[in-house]
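Here is how the chains run, residue by residue.
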Amino acid sequence: MNKELKKWYSPNLSKDMEAVIYGHDGFALLMFPTAGADYLEYERFQLLDEIAPIIESGKCKVFSINSINKESWLNDELSGEQKSLRHQQYNEYVMNEVVPFIHNQCGEKISIVTTGASLGALHSANMFFRQPDAFAGVIAMSGVYSLSAYSKGYYDDHCYFNSPSDFLPELNDETILSQMRNKKIIIATGQGAYEDPSASQKLSEILSSKNIPHDLQVWGHDMTHDWPTWRKMLPYFLSEKM
């Protein structure tokens, strides 16, 4: 499997940001790390091994990027306002740097699907629902979809507009909603230890209220908030649902 390491200075984040590319062809799968992890996490925890046959077949080309979660919601030395602003800067990095980079690598017409687990699920869903014109779909695994789960009581406009379960109920722009209705949306969760299926179910109810087709996948009580679950979920969704 082809693997390329990339790094560039991000003007939006004022620091070097790394990424890794796996594969040679197919739609682009943009992967967001979990919690405080990095761009190589999905390889380190063998999730890449599980989806390697799909990548090698040319169905998708993976772009795994770094996170700044330790500089925002996971950094207790910062104020809520600082955390919120850093999150918004990360959004600008993704939209103004990563997405153009993917198009430069794969062509302007390439379809981009976002994915991630845990906090990466929130990022992947948030990017898709904020910019459905830029993405072809989302595979969100084991997420909660409001930043109130991480913000420790702080809540401003950045928090609101980066919390799909909060801003989607008030979204009534039919142009944006119609863009979502034409895309592939998978919201997945287990029911085992440390999972929160109610968060996925709530998001599903909101999408249904907006007539947005989607696939809610609630897996069993043996599916915990951990890598064995995601190593089962992602290859299944890529091979059977995309």
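To be clear, the structure that these remarks concern was listed above.
Everything numeric in this text was worked out from a predicted model, so none of it was measured.

Asker: Tell me about the pattern of salt bridges, and name the residues and values.
Answerer: In total, this model carries nine salt bridges according to the counting rule given. As a salt-bridge pair, E43 and K3 come within 3.0 Å of each other at their nearest N and O atoms. One end of the pair, E43, is in helix α1 (residues 41-44); the other, K3, is in strand β1 (residues 3-10), with 40 residues separating them in the sequence. Here E71 makes a salt bridge to K15, at a shortest N to O gap of 2.4 Å. Taken together, the positions of E71 in the loop between β4 (60-65) and α3 (80-106) and K15 in strand β2 (residues 15-22) put the pair 56 residues apart, joining distant regions of the chain. For E71, a relative accessible area of 25% translates into the label partly exposed.

Asker: Talk me through helix α4 (residues 119-130); I want residue IDs and the actual numbers.
Answerer: Taking 1.5 Å of rise per residue, 12 residues should cover 16 Å, and α4 covers 16 Å from first to last C-alpha, within 8% of that figure. Most of α4 is tucked away, with 11 of its 12 residues classed as buried. Taken together, the buried positions of α4 are occupied by L119, G120, A121, L122, H123, S124, A125, N126, M127, F128 and F129.

Asker: Can you tell me about the pairing of β1, naming the residues and giving the values?
Answerer: Regular strands have side chains that alternate between both faces of the sheet. Judged from the eight bridges that link them, β1 and β2 form a sheet pairing that is antiparallel. By the bridge assignment for β2, E4 is matched with I21. Following β1, the chain reverses through four residues before pairing antiparallel with β2; S14 in that reversal takes a positive phi of roughly 55°.

Asker: Quick rundown of helix α8 (residues 197-209)? Include the residues and the values.
Answerer: Think of an α-helix as turning once every 3.6 residues; residues three or four places apart then point the same way. Its 13 residues give α8 an end-to-end C-alpha distance of 18 Å, which sits within 8% of 18 Å, the value for a rise of 1.5 Å per residue. For α8, the complete set of buried residues consists of P197, A199, S200, L203, S204, I206 and L207. Looking at the buried residues of α8, the elements they touch are α4, α6 (164-167), β7 (184-189) and β8 (215-218).

Asker: Account for the nonpolar core, with residues named and values stated.
Answerer: L30, I65, Y90, Y93, F129 and L168 are the most contacted members of the largest nonpolar core, which has 41 residues in total. Tallying contributions element by element places α3 first for this core, with eight residues. Dropping the residues within four chain positions of it, I65 is found in contact with E18, A19, L30, M31, F32, P33, D38, Y39, Y90, Y93, V94 and V98. One finds F27, I51, C60 and A117 within the second-largest nonpolar core, a separate group that totals 28 residues.

Asker: Help me get a handle on the side chain of S64, residues and values and all.
Answerer: Its location among the elements puts S64 in strand β4. For S64, a relative accessible area of 0% translates into the label buried. Of the polar contacts made by the side chain of S64, one reaches the backbone oxygen of Y39; its length is 2.7 Å. Setting aside its immediate chain neighbours within four residues, S64 contacts A19, V20, Y22, M31, Y39 and Y42.

Asker: Tell me what's going on with unusual backbone geometry, and back it up with residues and numbers.
Answerer: The residue Q46 is not glycine, and still its phi comes out positive at about 65°. Within the secondary structure layout, Q46 lies in the loop between α1 and α2 (47-56). Of note in this structure, Y194 is not a glycine but carries a positive phi near 70°. Inspection of the secondary structure assignment puts Y194 in the loop between β7 and α8.

Asker: Give a detailed account of the packing of α3 against α4, specifying residues and quantitative values.
Answerer: The N-to-C vectors of α3 and α4 enclose an angle of 65°; their axes lie 12 Å apart at closest approach. Here α3 is positioned roughly perpendicular relative to α4, judged by the angle of their axes. In this structure, α3 crosses over α4, and the sense of that crossing is right-handed. Every residue of α4 that contacts α3 at H87, Q88, Y90, N91, V94 and M95 is listed here: L122, H123, N126, M127 and R130. Of the residues assigned to the contact of α3 with α4, the class counts are five nonpolar, five polar and one charged.

Asker: So what about the environment of M17? Which residues, and what values?
Answerer: Secondary-structure assignment places M17 in strand β2. Spatially, the C-alpha atom of M17 lies 6.5 Å from that of N66, the residues being 49 residues apart in sequence. In this view, M17 contacts K6, K7, W8, S10, N66, S67, I68, Y90 and Y93; residues no more than four positions away in its chain are not counted.

About the criteria used
- Residues numbered from 1 in each chain as written.
- Predicted model: local features only at pLDDT ≥ 70, side-chain atom pairs only at ≥ 80, totals over all residues.
- Heavy atoms only, no water.
- Salt bridge = Lys/Arg side-chain N within 4 Å of Asp/Glu carboxyl O.
- Helix = DSSP H or I, 4+ residues; strand = E, 2+ residues; numbered from the N terminus.
- Buried < 20%, exposed > 50% of the residue type's maximum accessible area, 1.4 Å probe, protein only.
- Expected span 1.5 Å × (residues − 1).
- Pairing = 2+ DSSP bridges.
- Contact = heavy atoms within 4.5 Å.
- Core = buried A, V, L, I, M, F, W, Y, C linked by side-chain atoms within 4.5 Å.
- Polar contact = N/O pair within 3.5 Å; in protein donor to acceptor, adjacent residues only side chain to side chain.
- Axes fitted to C-alpha atoms, helices over the stretch in contact; angles between N-to-C directions.
- Parallel < 35°, antiparallel > 145°, perpendicular 65-115°, else oblique.
- Left-handed = near helix turned anticlockwise from the far one by under 90°.
- Nonpolar A, V, L, I, M, F, W, Y, C, P; charged D, E, K, R; others polar.

In short, geometric facts, not functional conclusions.
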